[in-house]
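# Examination of the molecular architecture
Okay, here's what each chain looks like letter by letter:
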Amino acid sequence: MSKKMRYKMIIDILMTVSLLLLMSYGLFGETYHEWTGVGMFLLFVLHHVLNRKWTGNLRKGKYTSFRILQTVIVIVVLFTMLGSMISGILLSRYVFTFIDVRGVAMLARNVHMVCAYWGFVSMSLHLGLHWSVFIGMVGKKFRSSSAVRTWTARIAGIIIAIYGIYAFIKRAIGTYMFLQAHFVFFDYEEPILLFLLDYLAIMGLFVFLGHYTGKSLKRLNNKKK
């Protein structure tokens, strides 16, 4: 693995961990949430710097159905990240206290919640579109046959996705995405580990959907050639 690829992997892992921690802000406190958000935004910038070649090629080449989907998801991630950061700054009580804009708290809170949950879903889908790269890297570390690895990964993915559907409904993620609820409910007596496992399963659900949707689109594109 090249040094650049190693850096990309480290940043992607840190972004994934940060994303999960950001979703649990009510259980850790606002100070932690704000600083984690700043760190997430810096990682996001580094991610795009390391992938600037992809961005520079947006106007080049043919747009297959897979590439269209990939580009749309990247745009959604970009807007949700910017929306989360700007609204977060306006709501800040600790990190950006020197910025005082009044009369926008309710709007900023709604924008922050919608962007946070759409960002969570879109980033998970984005990760899923590139999941085959991760699978290939992990596969090289194990000596079991490719068939065993493939079916083990598929079964694990299906189990996680099924539980992810349950967790998605249980955590009422859809109500936050579509602003049917204006405040996120947190059970402060619930162990943090269980909360994180549920959100990890929801992330796994959309990684699963992104991965297999991407594979289907690539297969469809190859048939058309």
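Just so it is clear, the model here is predicted, and its values are computed rather than measured.

### Here we look at the packing of aromatic side chains
Going through the model one piece at a time under the given rule, you end up with 13 aromatic pairs. Judged by centre distance (5.0 Å) and plane angle (45 degrees), the ring pair of Tyr 117 and Tyr 176 falls under tilted. Taken together, the residues Tyr 117 in helix H6 (residues 105-129) and Tyr 176 in helix H9 (residues 173-177) connect sequence positions 59 residues apart. Considered together, Tyr 117 and Tyr 176 belong to a single accessibility category, that of buried residues. An aromatic cluster is built from Tyr 25, Phe 120, Phe 186, Tyr 188, Phe 195 and Tyr 199, whose rings are joined through pairwise contacts. A cation over an aromatic ring shows up here: Arg 67 above the ring of Tyr 63, its NZ or CZ 4.0 Å from the ring centre. Against the face of Trp 151 rests Arg 154, its NZ or CZ located 4.9 Å from the ring centre.

### Here we look at the nonpolar core
Ranked by internal contacts, the top residues of the largest apolar core, which has 37 residues, are Met 40, Tyr 117, Phe 120 and Tyr 199. If you list the elements that add at least two residues to this core, you get helix H1 (3-22), helix H3 (30-50), helix H5 (65-91), H6, helix H8 (146-170), H9 and helix H10 (192-224). The element contributing the most residues to this core is H10, with eight residues. Once residues lying within four places of it in the same chain are set aside, the contact partners of Tyr 199 are Leu 20, Met 23, Tyr 117, Phe 120, Arg 171 and Ile 173. The next biggest cluster of nonpolar side chains, apart from the first, holds five residues, and it includes Val 38, Ile 89, Val 95 and Phe 96.

### Focus: a nonpolar patch on the surface
On the surface, a cluster of nonpolar side chains totalling about 810 Å² of accessible area is made up of Ile 75, Leu 78, Phe 79, Leu 82, Ile 86, Leu 90, Phe 98, Ile 99 and Val 101. Relative to the assigned elements, Phe 98 resides in the loop between H5 and H6. By relative accessible area, Phe 98 is classed as exposed at 64%.

### A word on the pattern of salt bridges
Close approach of charged atoms allows side chains with opposite charge to pair. The final tally for this structure, using the stated rule, is five salt bridges. Residue Arg 171 is joined to Glu 190 by a salt bridge in which the shortest nitrogen-to-oxygen separation is 2.5 Å. Of this pair, Arg 171 sits in the loop between H8 and H9 while Glu 190 sits in the loop between H9 and H10, and the two are 19 residues apart along the sequence. Overall, the relative accessible area of 13% leaves Arg 171 in the buried class. According to the relative accessible area criterion, Glu 190 is buried, its value standing at 14%.

### A look at the environment of Arg 171
Through-space distance from the C-alpha of Arg 171 to that of Asn 221 is 36 Å; in sequence the pair is 50 residues apart. Residue contacts for Arg 171: discarding those within four places in its chain leaves Tyr 176, Glu 190, Leu 194, Phe 195, Asp 198, Tyr 199 and Ile 202. A polar side-chain atom of Arg 171 sits 2.5 Å from a polar atom in the side chain of Glu 190. A distance of 2.9 Å separates polar atoms of two side chains, one belonging to Arg 171 and the other to Asp 198.

### With respect to H1
Its 20 residues place the ends of H1 28 Å apart at the C-alpha level, agreeing with the 28 Å of an ideal helix rising 1.5 Å per residue. Inspection of H1 places Ile 11, Met 15, Ser 18, Leu 19, Leu 20 and Leu 22 among the buried residues, and these make up the whole buried set.

### A few points about the environment of Thr 152
By the secondary structure assignment, Thr 152 is in helix H8. As a C-alpha pair, Thr 152 and Tyr 199 span 47 residues in sequence and 22 Å in three-dimensional space.

### Re the packing of H1 against H3
Packed helices, taken two at a time, are described by their axes: the angle between them and the distance between them. Following both chains from N to C, one finds H1 and H3 inclined at 150 degrees, their axes separated by 9 Å at the closest point. One finds that H1 runs roughly antiparallel with respect to H3. H1 and H3 meet at a crossing whose hand is left-handed. Packed against H1, whose contacting residues are Lys 4, Tyr 7, Lys 8, Ile 11, Asp 12, Leu 14, Met 15, Ser 18, Leu 19, Leu 21 and Leu 22, the element H3 presents Tyr 32, His 33, Thr 36, Gly 37, Met 40, Leu 43, Phe 44, Leu 46, His 47 and Leu 50 at the interface.

Scoring rules and cut-offs
Counting restarts for each chain: residues are numbered from 1 in the order of the written sequence. It should be noted that, the model being predicted, local features are given only for residues of pLDDT at least 70 and side-chain atom pairs only at 80 or more, the latter also being counted only at that level, while totals for whole chains, interfaces and linings use all residues. Computation of side-chain values covers all heavy atoms of the structure but excludes hydrogens and water. We call Phe, Tyr and Trp rings a pair once their centres come within 6.5 Å, taking the six-membered ring for Trp, and we label the pair stacked below 30 degrees between planes, edge-to-face above 60, and tilted otherwise. What counts as a helix is a DSSP run of H or I of at least four residues, what counts as a strand is a run of E of at least two, and both are numbered from the N terminus. Relative accessibility decides the category of a residue: with a 1.4 Å probe and only protein chains considered, values under 20% of the type maximum give buried, values over 50% give exposed, and everything between is partly exposed. Each ring is checked for a lysine NZ or an arginine CZ that lies within 6 Å of its centre and within 35 degrees of its normal; such an atom marks a charge sitting over the ring. Among buried residues, the Ala, Val, Leu, Ile, Met, Phe, Trp, Tyr and Cys ones that are joined through side-chain atoms within 4.5 Å form a nonpolar core. Here a residue-residue contact requires only that any non-hydrogen atoms of the pair lie within 4.5 Å. Note that patches include only residues with greater than 30% relative accessible area and no salt bridge, and the join distances are 9 Å for like charges and 5 Å for nonpolar side chains (Val, Leu, Ile, Met, Phe, Trp, Tyr). Only the protein chains shown count as covering a residue, and every accessible area follows the Shrake-Rupley method with a 1.4 Å probe. By salt bridge we mean one thing: a side-chain nitrogen of Lys or Arg within 4 Å of a carboxyl oxygen of Asp or Glu. Polar contact is defined as a pair of N or O atoms within 3.5 Å, subject to the rule that within protein one atom must be able to donate a hydrogen and the other to accept it, and that residues adjacent in sequence are counted only when both atoms are side-chain atoms. Take the residue count of a helix, subtract one, and multiply by 1.5 Å to get its expected span. Where helices are involved, their axes are fitted lines through C-alpha atoms of the stretch in contact, as for all axes, and angles between N-to-C directions lie from 0 to 180°. Working definition: roughly parallel below 35 degrees, roughly antiparallel above 145 degrees, roughly perpendicular at 65 to 115 degrees, and oblique for all remaining angles. Here is the rule for handedness: rotate from the far helix to the near one, and if that takes an anticlockwise turn smaller than a right angle the crossing is left-handed, while a clockwise turn gives right-handed.

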